[in-house]
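These are the residues of each chain, in order.
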Amino acid sequence: MKNQQSNSFLNAKKRVEGLRAFYKHLTAYLVVNGLLLILKWRLLEILLENGNDAPGFVNWFEWNVIATPVLWGIGLGVHALYVFVYQSGTKSFKPEFLNEWENRQIKKYMEEEGQ
């Protein structure tokens, strides 16, 4: 009974740590990308005022400012899936046939050990 409670506690602690890490990641994403947007508007305005209006540079600048939140957002989405789906134990990322194969292999090796 005590061992089961300690396992439950460790599992709950691991889930809370995962949630805390995700919320830190989300906060960093929002702060950094908010600052990037502000910087983009202000810096682009300054650069255009100073004659740096080459279309290639402006396109490069805009794509880089857009690509950062998009790519980071994909990573954040994967992190969210891990924390809220995989780590919570409600679903598995593995297809069902892999789970079945693993169960068959476990059963096979347990039977071999029993002989």
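A few points on the structure. (Residues numbered from 1 in each chain as written. Predicted model: local features only at pLDDT ≥ 70, side-chain atom pairs only at ≥ 80, totals over all residues. Heavy atoms only, no water.)

### Side note on the overall build of the chain
Note the following rule: Where helices and strands are cited, they refer to DSSP runs of H or I of at least four residues and of E of at least two residues respectively, numbered from the N terminus. The contact rule is simple, with two residues in contact once any of their heavy atoms fall within 4.5 Å. Surface exposure here means Shrake-Rupley accessible area, sampled with a 1.4 Å probe, where a residue is shielded only by the protein chains that are shown.
Broken down by element type, the chain carries 3 helices and 0 strands. Element order for the chain, N to C, with α for helix and β for strand: α-α-α. For the chain, the proportion of contacts with a sequence separation of at least 24, taken over those separated by at least 6, is 67%. For the chain, the computed accessible surface area is about 9,300 Å², with 64% contributed by carbon and sulfur atoms.

### A word on the nonpolar core
Inclusion rule: Among buried residues, the Ala, Val, Leu, Ile, Met, Phe, Trp, Tyr and Cys ones that are joined through side-chain atoms within 4.5 Å form a nonpolar core. Buried residues are those whose accessible area, probed at 1.4 Å on protein chains only, stays under 20% of the maximum for their type, while exposed residues exceed 50% and partly exposed ones sit between those limits.
Formed by Phe-22, Tyr-29, Leu-76, Ala-80 and Val-83, the largest nonpolar core amounts to 5 residues. Elements with a minimum of two residues in this core: helix H1 (2-49) and helix H2 (55-86). In terms of residues, this core owes the most to one element, H2, which gives 3 residues. Once residues within four sequence positions are removed from consideration, Tyr-29 is found in contact with Pro-69, Trp-72, Gly-73 and Leu-76.

### Section: the side chain of Asn-33
Formally: Distance and chemistry together define a polar contact, namely a pair of N or O atoms within 3.5 Å, with one atom able to donate a hydrogen and the other to accept it when in protein, and with adjacent residues in sequence counting only for side-chain atoms on both sides.
Within the secondary structure layout, Asn-33 lies in helix H1. Polar contacts involving the side chain of Asn-33 include one to the main-chain carbonyl oxygen of Tyr-29, which spans 2.9 Å. Discounting chain neighbours no more than four positions away, the residues touching Asn-33 are Ala-28, Thr-68, Pro-69 and Trp-72.

### Focus on a nonpolar patch on the surface
We count it as follows: Exposure above 30% relative accessible area and the lack of any salt bridge qualify a residue for a patch; like charges then connect within 9 Å, and the nonpolar side chains Val, Leu, Ile, Met, Phe, Trp and Tyr within 5 Å. Note on definitions: salt bridges are taken to be side-chain nitrogens of Lys or Arg within 4 Å of carboxyl oxygens of Asp or Glu.
A cluster of nonpolar side chains, Val-31, Val-32, Leu-35, Leu-37, Ile-38 and Trp-41, forms an exposed patch at the surface whose accessible area comes to about 580 Å². Examined against the element boundaries, Val-31 turns out to sit in helix H1.

### Some remarks on the pattern of salt bridges
Throughout the structure, instances matching the rule amount to 1 salt bridge. In this structure, Arg-42 and Glu-45 form a salt bridge, with 2.7 Å as the shortest nitrogen-oxygen distance. Within this pair, Arg-42 and its partner Glu-45 are both found in helix H1, separated by 3 residues, close to a single helical turn. Judged by its relative accessible area of 46%, Arg-42 falls in the partly exposed class.

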